[in-house]
Structure formats: C-alpha cells, structure tokens
Amino acid sequence: MQFRASHRVAGKNIHSRRKHSFSGGLLCNSLRFRKRALDFTHAIVRISAAQEVLGTTSDSRFVETGYVFGVHGLQGEVKVKPNTDFPELRFSTPGTRWLKQQTSGTEALKEIELVEGRGRAGQNWIVKFNGINTVEQAQKLVGSTILVTDQDRPTLEEGEFYTHDLIGMKVILQESGEVIGTVAAVINSGASDLLHVELRSKNGAGDSCPLVWIPFVEAIVPIVVLEKNEIVITPPKGLLELNIPRHERSKKERRELEWKERKKFQRRLIAAKKKLCEMDQQHVFYGFRCGEKDQKDLLADQILSLNSRLLQQALQNMKISSASVDLFHILTSVPTSNILKLHDDHHAPVSKKHLKLQRGGCALMREGKVAVVLDVGETVKTSDTNLTSCANDSDLLLEKLHQGLLKHEDRYSVPLVLVCPRHLVNSIQGLFSDNDYFAFDPNKFWHFGEAVLPVIGGLEGENKDKILMKSPWEFLQTSIGTGGIISLILSQDSLFSQLSELGVEYIAVCKLTERCKNIHALAGLVASSKTAVGIRVYKDFEPEEDFNLLFSMSFLSKLMNQENKLLFEAVPHSSSFVKKVDKEWIDVVPVAQNSYKFHCSIYSCLGSIPSSNICVLDSS
C-alpha cells in the first residue's frame, strides 16, 4: 500500500528516551503515520514509535518488552522499566511471559506467568509473577528481560506498521527518482526518530558506503510504499552530506566544508571582538600580531568563550556600593510555617511529616520532575587530570553518589547536570561513559565547565577595568563562585528548554560533599509548601561550601528575563600579568593589590524573591 502522511502536522515530538543495549536484537518500533495521541505523552504527533525490541533465539522469535531492575516491597513484586509503547497490555494483562537471563555466561529462557501489574504510561511498572512471593525470589529476577512471542505483537490498524519492516527498504529521491541507498536502522535519537541510511557508493562496489541520518518527519519523508519496499524522501539541501564523516568526502567537498566552517568561525570571532571593543578592551587583540598559529588560535578561542554579557554585568556591579545578598537576613525573614526542623542524628526518630515529605520527593524523582545539578568541584583529583585511568577517582565519585544523593534504581529517571573545573570536563565525561553513567540515563546527562571571568585591573591608572592577560594569548581568569552555576543554567538556552521538554518542574543544586543528601525531603517540602525556592541549612553551615538548594522551573524562567539576575562582588587581589609596552611584552609583578576578581554567590539570585516564597529545611 502507498500512504501519504497528512500535511497538517509539522513535525514530531519525542515520547520515548530509553537507550537500548542488547545483543543480536533489532529495533522494532511501530510507526504511526496519522494524527493521534501517544501512549507515553499527551502530545499529538504525526509519527509515534511503539518501541519493542525484536530479538532471536534458537527456538523462536521474541519481543523484548521490559527490563527488571529492582525489587518492590516484601511480597515478591519487581520493578520493570518498560521497553514498549503498550505497557498496559504487556504488564497488566495476565498471561504467559518469558524471562531472558544470563546464567554462567549463557543465555537462558524461562517461562513465567504474569499475575498483575500497575503503573502509568511513561513510568516504571510494578509487576507480580506467579510463584514469586518473597524478596529473595524477586531478587533472582533482577537483570532479566521480559519477552513475549513475536506473534503476540498487537495488530496494527491501517496506515500503521512496525519500523522493523522499514529496515532494508530502498530510499529514493522524489525529485529525480534516483535510488540513493537503503535503510540500515531506525533509531530514536531522543529528539526524533531517525532513519540511518546507507548511501550507495559513487566510486564502485569496493568502496565503503557512508551512513547518514535522515529525520523521519513528514516534510522529509512524505511517502512510504510498503509493497514496493520503497521510501521516498525530499531532503533539504545539504542534509545528505551533513553527516558524512570528513574522511569519506571527496577532496573538493572537504575544501568546501572547511571554507564554510572557517567563514562561520570568522563571523563569530568578529562579533565577539566587536563586543570587546564596545567595552574598551581592544588591548586583548595584541596577541594576534605575534606568536605561532596555535597561539593565535588559542587567543581566538579565549575571545569566543568569554561571556561578555556576564562581564558587563560584573563591571556594572562594581559601581554599586552593596552588590551582595545577606543570607542570614533572608533565613531569619522566612515565615516559621515555611521552616521544617530536622534532626541530623541518625539515631533520632523520624517525624511523620519528614517521612511524608521524603516520600513526596521520591515520587517527584521517580517521575523525572526533579533535575539535579551537582558541583563536582575538586572532588576528584589526579595529577595528570586523566580521571578515566585512576580507579580511585571513580570509586570516590561513586561513593559520594551513594552517600544519600540518589538511590541506584532512581537514577535513570533523574536528569543530571555536572559542573566541574574546566580542565576536568573531558575527564569527567570519560569517567561517566566508562562507568555506564553510574546508572543515569546518558540521554539526560550534561556536563559543563564552571563559569569563569577575567581578572580586571583595579585602582587607578591605565590598567583600570582592563582584562589582565596571563600571556599574550590567554586571559587571566578565575571561577566566579557558586553563582556561576545559576549563570550556566540560565545561559544555556538549549539545556533549560530540554529540561522543560522532559517535564522537569524543579532543579536541585548542591555541592557534591558528604552533606549532599536529603534532596528528596527538600523537594517534597518545596512542592508541598508551593514555594519557589528551598534551602537546606546545617550545623556549622558554610554557605558557599555546603549549599543545597532547590528551585522551581517557573522561578528560574522568570529569572532569565531579569536583566540583573545575579550580583557580583569585586574582590581586591594581587595578580601578576603580562603587558605590552613599546612593542615588547613584559611581566608585571605587583607589590600590592592591583586587580579585582569577581565573585558571585548562588544566594544572590534570591534578592528579588519574597521571603514568603522560600522554605527552609533546617538541620542546624
């Protein structure tokens, strides 16, 4: 049959963000080319992926529908992470299922009867199997994959088909009728379904064939002819070349791409230099007149990475006599009804209210409504900054993640953002990827270097308010402190948008220390009190070292639109730097304070919020 998608719907929304890892399986999605409501979201979209994984065994073909990842309660129930768009059918309808388990390095299948299950679309399910009545029996099922037979797949309506049927189909250009390749796979990228198309080689059968990604949306894939094994596409200009690796392109194509990238880089550099000129910082360009190409490239990167808007705000705050927020004043002005006292003593009895808040926060976490931003700081250290080669660093970070921050089984649901010193960014990424992201979802994981600003010349003279240079090609820069975390969240438009699309309602921000715990209770307190901000305080509280706060997304959204959302303090400092004098670069070694470092506290964003809209979890 030939089916043309309705042109009334412009694109596709995501409804499944699971990452599949299995051996010998094929992604088997049901794609629905019609306007309808999804199982996993409330959105109305043109294409929906009813995900199930089609695998093979020596006996017959099975469909993977879920993964057992934990035990629930004391009656033998298990927690299941769905891998299907038919969770009600798969986990609440009694009947025969199969469990695939790894035993002594071999794969074994076990027939089992599903008794009942409960849950909601888009969430994990609680399932009860016949004969599994104790915690010990249930624990033996953890790690198993739940299967049904291929024949048990739901019958699709007219205009619907499984994406497994798309694999191997010819891909044809609508404009010319040319067959350009075949579909190698259909992947859910986390933002849309993608056709992974193997292009036909232009240089002969012996050459390797490049693979390109084609978004499976109406505007690009208007026609699917199932009987002819054909997919007709109308790609925008450049799409088919976009994802081809550079080494697989022709020499002419590589030159054209390099020229485009160079022009784009130059436009960005010109715009950044213009902003610095407006701030009277032209002296930072002197390094372009000397040195090697690598050094000049380093200076260009420094200019492009500079947050000029943040620097302007910091310079303006220098002229304000009291550019700071008194945290003690904020805490003492919070209404007593918004303060919950907790005992930090593990032996003290836990109040019913605390337990209720803890459960409420746990529910928010499991539903993915709370994102966690961790300031890693110098938690993990190594002399060569290669964290992936140091087992102790991995163990240390894992230990701190276990110290009450998040339970292992809850991590997959929680979006995680790491902030660390800039020289550790690549190492942190490697550490997480080498350890399977410590059970967090890699599609909901981000990491950034801490926010930095240049050191500024102070006092009087020609260096006043000027960016100081570490070398002719490097700014002298320092971290701006805990307020930089808020700056990063608000300045990363794509991050804030992605968290909103994931359904996140709160963002917890804390330093990764032994005291980084009780996020659940703080989330429960903010949600139950309907406040915008929650603050956790401790005995011997060091505000800049032990910070543990929770912000509502609505509060942060309003903060994005405020011009002076953060307040900076200019801290006098003694700084050595280099300076160009009569065409020579000289080292300047001060004998007194000659500069300012900018510092911003995370609490400075609370200056504009009423104290009645703040709650406090007090363990002091």
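Everything quoted here is computed from the prediction, not taken from an experiment.

**Things to note about the overall build of the protein**
When you go through the protein residue by residue, the secondary structure sums to 14 helices and 35 strands. Looking at the protein as a whole, 48% of its 620 residues qualify as buried. In the form shown here, the protein has an accessible surface area of approximately 30,700 Å², with 49% of it arising from carbon and sulfur atoms.

**Observations concerning the sheet that holds strand E34 (residues 595-599)**
Pairing within the open sheet is antiparallel, and its 3 strands lie in the order E24-E34-E31. Across the chains shown, the open sheet's two edge strands, defined by having one partner strand only, are strand E24 (456-457) and strand E31 (569-573).

**Considering empty space enclosed by the protein**
The tally for this structure, following the rule as stated, stands at 1 cavity of 30 Å³ or more. Every residue lining the largest cavity is listed: Ser-305, Leu-306, Asn-307, Arg-422, Val-452 and Gln-477. Considered class by class, the residues forming the lining of the largest cavity number 2 nonpolar, 3 polar and 1 charged.

**Some words on the pattern of salt bridges**
Scanning all chains against the criterion turns up 9 salt bridges. Note that Glu-367 and Lys-369 form a salt bridge whose closest N and O atoms lie 3.3 Å from each other. A relative accessible area of 30% places Glu-367 in the partly exposed class. Among the residues examined, Lys-369 registers a relative accessible area of 26% and is labelled partly exposed. A salt bridge links Lys-369 to Glu-505, with the shortest nitrogen-to-oxygen separation between them at 3.9 Å. Of this pair, Lys-369 sits in the loop between helix H8 (352-366) and strand E20 (370-375) while Glu-505 sits in the loop between helix H12 (493-501) and strand E28 (506-511), and the two are 136 residues apart along the sequence. On the accessibility criterion, Glu-505 (36% relative accessible area) is partly exposed.

**Side note on the sheet that holds strand E35 (residues 614-619)**
Taken in spatial order, the 8 strands line up as E19-E35-E29-E30-E28-E20-E21-E22 in an open sheet, and their pairing is mixed. Looking at which strands have only one partner, the edges of the open sheet turn out to be strand E19 (339-341) and strand E22 (445-449). Strand-to-strand twist across the sheet, computed as the mean angle between neighbouring axes with direction ignored, equals 15°. Relative to E35, strand E29 (residues 533-538) is paired through 6 bridges, and the arrangement is parallel. Bridge pairing in E35 places Val-537 opposite Asp-618. On top of the sheet, H8 reaches E19, E20 and E28; it is set at about 95° to E20, its chief contact. Lying over the sheet, helix H14 (residues 553-560) contacts E28, E29 and strand E30 (548-552), oriented at roughly 80° with respect to E30.

**Some thoughts on the nonpolar core**
Counting 69 residues, the largest nonpolar core has Ile-507 and Phe-551 as the members making the most contacts within it. With 5 residues, helix H11 (residues 483-491) is the largest single contributor of residues to this core. Judged by nonpolar contacts, the second largest core, of 36 residues, contains Leu-418, Tyr-437, Cys-510 and Ile-519.

**Focus on the environment of Arg-90**
Note that Arg-90 resides in helix H1 (residues 87-92). Taking the relative accessible area as the measure of exposure, Arg-90 reaches 4% and is therefore buried. Considering only alpha carbons, one finds Arg-90 and Thr-65, 25 residues apart in sequence, at a separation of 7.0 Å.

**Some remarks on the packing of H8 against helix H13 (residues 519-529)**
Packing of H8 against H13 brings their axes to within 7 Å, and their N-to-C directions diverge by 95°. Judged on the interaxial angle alone, H13 and H8 are roughly perpendicular. Here His-354, Leu-357, Gln-358, Gly-360, Gly-361, Cys-362, Leu-364 and Met-365 of H8 come into contact with H13, specifically with Ile-519, His-520, Ala-521, Ala-523, Gly-524, Leu-525, Ala-527 and Ser-528. The residue makeup of the contact of H8 with H13, split by class, is 9 nonpolar, 7 polar and no charged.

**Some points on the packing of helix H4 (residues 251-278) against helix H5 (residues 293-305)**
Their axes nearest at 9 Å, the elements H4 and H5 cross at an angle of 65°. One way to sum up the angle between H4 and H5 is to call them roughly perpendicular. Where H4 crosses over H5, the handedness of that crossing is left-handed. Across the interface between the two elements, Phe-265, Arg-268, Leu-269, Ala-272, Lys-273 and Leu-276 of H4 pack against Ala-300, Asp-301, Ile-303 and Leu-304 of H5.

**Notes on the confidence of the model for the protein**
For the protein, per-residue confidence averages 79 on the pLDDT scale, and residues scoring 70 or more make up 76% of the total. Low pLDDT (under 50) marks residues 1-50, which in the prediction has 177 contacts with non-local residues, meaning those over four places away or in another chain. Predicted confidence for residues 55-59 stays below pLDDT 50, and this span has 9 contacts to residues more than four positions away or in other chains.

**Here's the deal with the side chain of Ser-144**
Its place among the elements puts Ser-144 in the loop between helix H2 (135-139) and strand E11 (145-149). Of the polar contacts made by the side chain of Ser-144, one reaches the side chain of Gln-101; its length is 2.9 Å. A polar side-chain atom of Ser-144 sits 2.8 Å from the main-chain carbonyl oxygen of Leu-141. Sequence-distant contacts of Ser-144, that is, excluding residues within four places in its chain, are made with Gly-66, Tyr-67, Val-68, Leu-99, Lys-100 and Gln-101.

**Observations concerning the pairing of strand E33 (residues 584-588)**
Here 5 bridges tie strand E32 (residues 577-581) to E33, and the two strands are oriented antiparallel to one another. Along E33, the bridge assignment pairs Val-581 with Glu-584. Connecting E32 to the next strand, E33, in antiparallel fashion are 2 residues, including Asp-582 with a positive phi near 50°.

**Re the state of the cysteines**
Throughout the structure, instances matching the rule amount to 0 disulfides. For Cys-605, which is in no disulfide, the shortest distance to another cysteine sulfur is to Cys-600 and amounts to 8.2 Å.

**Focus on the environment of Leu-606**
By secondary structure assignment, the location of Leu-606 is in the loop between E34 and E35. Placed 279 residues apart in sequence, Leu-606 and Leu-327 show a C-alpha to C-alpha distance of 8.8 Å. Dropping the residues within four chain positions of it, Leu-606 is found in contact with Ile-330, Val-533, Ile-535 and Phe-551.

**Topic: the pairing of E29**
Judged by how many residues are buried, E29 sits mostly within the fold: 6 of 6 residues are covered. Burial of the side chains of E29 extends over both faces: Val-533, Ile-535 and Val-537 are buried on one face and Gly-534, Arg-536 and Tyr-538 on the other.

**Quick notes on the packing of aromatic side chains**
To describe a pair of aromatic rings, one takes the distance between the centres and the angle between the planes. Summed over all chains, the structure comprises 5 aromatic pairs. Here Phe-91 and Trp-125 contribute two aromatic rings whose centre-to-centre distance is 6.0 Å and whose plane-to-plane angle is 50°, an arrangement assigned as tilted. Taken as a pair, Phe-91 in helix H1 and Trp-125 in strand E10 (residues 125-129) lie far apart in primary sequence, 34 residues in all. Pairwise contacts between aromatic rings join Phe-432, Tyr-437 and Phe-445 into one cluster. Taking NZ or CZ as reference, Lys-81 lies 4.6 Å from the ring centre of Phe-69, over its face. Its guanidinium or amino end placed over the ring of Phe-285, Lys-273 lies 5.2 Å from that ring's centre, counting from NZ or CZ.

Conventions used here
Residues numbered from 1 in each chain as written. Predicted model: local features only at pLDDT ≥ 70, side-chain atom pairs only at ≥ 80, totals over all residues. Heavy atoms only, no water. Helix = DSSP H or I, 4+ residues; strand = E, 2+ residues; numbered from the N terminus. Buried < 20%, exposed > 50% of the residue type's maximum accessible area, 1.4 Å probe, protein only. Areas by Shrake-Rupley, 256 points an atom, 1.4 Å probe, with all protein chains shown as cover. Pairing = 2+ DSSP bridges. 1 Å grid on protein atoms, 1.4 Å probe; cavity = no way out; pocket = protein on both sides within 12 Å on 5 of 7 lines; lining within 4 Å. Points joined across faces, edges and corners; volume = space filled by probe spheres on them. Nonpolar A, V, L, I, M, F, W, Y, C, P; charged D, E, K, R; others polar. Salt bridge = Lys/Arg side-chain N within 4 Å of Asp/Glu carboxyl O. Axes fitted to C-alpha atoms, helices over the stretch in contact; angles between N-to-C directions. Contact = heavy atoms within 4.5 Å. Core = buried A, V, L, I, M, F, W, Y, C linked by side-chain atoms within 4.5 Å. Parallel < 35°, antiparallel > 145°, perpendicular 65-115°, else oblique. Left-handed = near helix turned anticlockwise from the far one by under 90°. pLDDT = per-residue confidence, 0-100. Polar contact = N/O pair within 3.5 Å; in protein donor to acceptor, adjacent residues only side chain to side chain. Disulfide = S-S within 2.5 Å. Phe/Tyr/Trp six-rings, centres within 6.5 Å; stacked < 30°, edge-to-face > 60°. Lys NZ or Arg CZ within 6 Å of the ring centre and 35° of its normal.

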